[in-house]
Amino acid sequence: MENNIKNKVVVITGASSGLGEAAAKHLAELGATVVLGARRFNKIEKLAKDIQEVGGKSLAISVDVTNLEQVKKMVDTAVQQFGRVDVIINNAGIMPLSPMDRINVAEWDTMIDVNIKGVLNGIAAVLPYMKEQKSGQIINTSSVAGHKIFNGSAVYSATKYAVRALTEGLRMEVKQYNIRTTIVCPGAVKTELLEHITEADIQQANKDYVGEVGISPDSFARVVAFAISQPEDVDINEIIFRPTAQEL
């Protein structure tokens, strides 16, 4: 698996915890140079240092994915430091689940900004470089909720359906530039996402469920590594993975 990962420059958003943190550690172990983006700079700075202390290559950059100029600056810095960008993992996301009749409009807006616009900003930042290189891979984190609707997930699921639609449209448009695109749809994984749920009953129900069947973020890291590791003429377009015990 290492052969097509080693020495690649991989930008990861939402790298301060959960899926992004696990992916950063795993890809660095496989020889990638990882550029870590998140709002919580103290966390990604520590992660970058931890990676460097065991011989890996990493760089931490504070970024709010809802701000296009910050995302562009992150990618520009990665190219200035390392000469290119081979992969971006648009992973930053939030999941404040709630039934629509509770009218949490501010949460709806934030999910749209982070989960959809954040992905678009990442695409906008890397696409000029990847077109010029005639190579690259854009990996966008969707969810099983991007395939299924469940209680309280309507708006969250809508954002994750959108990620799938955007990525499929992108796939069709970038073939001429030799750019690969991958949608990753995790099921119940134990991360901080549940902490974003402000409705106490919905949060408890999801914590109980994920606590029972949820799997480690390392599962996401291995899936992402699999997609990147394929030969350049192989494009893994979508991966859905769940805990074996998950029926949803």
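Check the entry above for the structure.
S.K.: Hey, could you run me through the packing of helix α4 (residues 105–133) against helix α5 (residues 154–173) in this one?
M.R.: Geometrically, a packed helix pair is captured by the angle between its two axes and the distance between the axes. Put simply, α4 and α5 touch, their axes get as near as 8 Å, and they point 15° apart. Taken together, the axes of α4 and α5 are roughly parallel relative to one another. Judged by the twist between their axes, the crossing of α4 over α5 is right-handed. The segment α4 lies against α5, with W108, M111, I112, N115, I116, V119, L120, I123 and L127 engaging V155, Y156, T159, K160, A162, V163, L166 and L170. Per-class residue counts for the contact of α4 with α5 are 14 nonpolar, 2 polar and 1 charged.

S.K.: Teacher, can you tell me more about the pairing of strand β7 (residues 238–241) here?
M.R.: Consecutive residues of a regular strand have side chains that alternate between opposite faces of the sheet. Burial along β7 is one-sided: I239 and F241 are buried, while E238 and I240, pointing the other way, are not. The pairing of strand β6 (residues 179–186) with β7 spans 4 bridges and is classified as parallel. Following the sheet pairing, P186 is matched in β7 by F241.

S.K.: Where do I start with the layout of surface pockets in this structure?
M.R.: Using a probe with the size of a water molecule, rolled over the atoms, empty space left in the structure can be pinpointed. Considered as a void within the structure, the largest pocket measures approximately 1000 Å³ in volume. Among the elements of the structure, α1 (18–29), α4, α5 and α6 (200–213) are those that each provide at least two residues to the lining of the largest pocket. By residue class, the composition of the lining of the largest pocket is 23 nonpolar, 19 polar and 6 charged.

S.K.: It is not clear to me how helix α2 (residues 41–53) should be interpreted in this structure. Could you clarify?
M.R.: Along an α-helix, a turn takes 3.6 residues, which lines up residues three or four apart on a common side. Spanning 13 residues, α2 covers 18 Å between terminal C-alpha atoms, matching the ideal 18 Å at 1.5 Å per step. Among the residues of α2, I44, L47, A48 and I51 are the ones counted as buried. Angular distribution of buried residues about the axis of α2 spans 100°; they occupy a single face of the element. The exposed residues of α2 that point more than 90 degrees off its buried face are N42, K46 and E53. The inward-facing, buried residues of α2 abut α1, β2 (33–38) and β3 (57–62). Following α2 by one or two positions, G55 adopts a phi angle in the positive range, close to 95°.

S.K.: Before we go on, may I ask you to explain the side chain of E107 in this structure?
M.R.: Here E107 shows up in helix α4. Buried E107, no salt bridge; nearest opposite-charge side chain is R102, N-O distance 9.2 Å. If we skip the residues at most four places from it in the chain, E107 touches P96, S98 and T198.

S.K.: I tried to follow the packing of aromatic side chains on my own but got confused; where do I start?
M.R.: What characterises a pair of aromatic rings is the spacing of the ring centres plus the angle enclosed by the ring planes. Inspection of every chain in the model, using the stated rule, returns 0 aromatic pairs. Between R164 and the ring centre of Y161, over which it is positioned, the NZ or CZ distance is 6.0 Å.

S.K.: Help me out: how do you make sense of α4 in this one?
M.R.: With 29 residues, α4 extends 41 Å from end C-alpha to end C-alpha; this agrees with the ideal 42 Å at 1.5 Å per step. A bend of about 40° at L127 is the largest found in α4, and the proline P128 appears one to four places after it. Two residues or fewer past α4, K134 is found with a positive phi of approximately 60°.

The rules behind these values
- Residue positions within a chain follow its written sequence, with the count starting from 1.
- Whole-chain, interface and lining totals are the exception, using all residues; otherwise, since this is a predicted model, local features are given only for residues with pLDDT of at least 70 and side-chain atom pairs are given and counted only at 80 or more.
- Water and hydrogen atoms play no part in the side-chain values, which are based on all heavy atoms of the structure.
- Helix axes are fitted to C-alpha atoms over the stretch in contact, other axes to C-alpha atoms as well, and angles between N-to-C directions run from 0 to 180 degrees.
- Numbering of helices and strands runs from the N terminus; a helix is a DSSP stretch of H or I covering at least four residues, while a strand is a stretch of E covering at least two.
- Working definition: roughly parallel below 35 degrees, roughly antiparallel above 145 degrees, roughly perpendicular at 65 to 115 degrees, and oblique for all remaining angles.
- It is the rotation of the near helix from the far one that decides the hand of a crossing: anticlockwise by less than a right angle makes it left-handed, clockwise makes it right-handed.
- By definition in these notes, contact holds between two residues if any of their heavy atoms fall within 4.5 Å.
- Each residue receives one of three labels: charged for Asp, Glu, Lys and Arg, nonpolar for Ala, Val, Leu, Ile, Met, Phe, Trp, Tyr, Cys and Pro, and polar for the others, Gly being one of them.
- When accessible area is computed with a 1.4 Å probe and restricted to protein chains, residues below 20% of their type maximum are described as buried, those above 50% as exposed, and intermediate ones as partly exposed.
- The pairing criterion is simple: DSSP has to find at least two bridges between the two strands.
- In this analysis the probe radius is 1.4 Å and the grid spacing 1 Å, with only protein atoms considered; a cavity is a set of points the probe fits into but cannot get out of, a pocket is an open set with protein on both sides within 12 Å along at least five of seven lines, and lining residues have an atom within 4 Å of a point.
- Grid points are joined across faces, edges and corners, and a volume is the space filled by probe spheres set on the points.
- Multiply 1.5 Å by the residue count of a helix minus one, and that product is the helix's expected span.
- Arc definition: directions from the helix axis to the C-beta atoms.
- Two residue types count as positive, namely Lys and Arg, and two as negative, namely Asp and Glu; His and chain ends fall outside the count.
- A carboxyl oxygen of Asp or Glu within 4 Å of a side-chain nitrogen of Lys or Arg is what we treat as a salt bridge.
- Centres within 6.5 Å are what make two rings of Phe, Tyr or Trp a pair, Trp counting through its six-membered ring; a difference in plane orientation under 30 degrees is then read as stacked, over 60 as edge-to-face, and the rest as tilted.
- We count a charge as sitting over a ring when the NZ of a lysine or the CZ of an arginine lies within 6 Å of the ring centre and within 35 degrees of the ring normal.
- Two axes enter the bend calculation: one fitted to the seven residues ending at the residue in question, the other to the seven starting there, and the bend is the angle between them.

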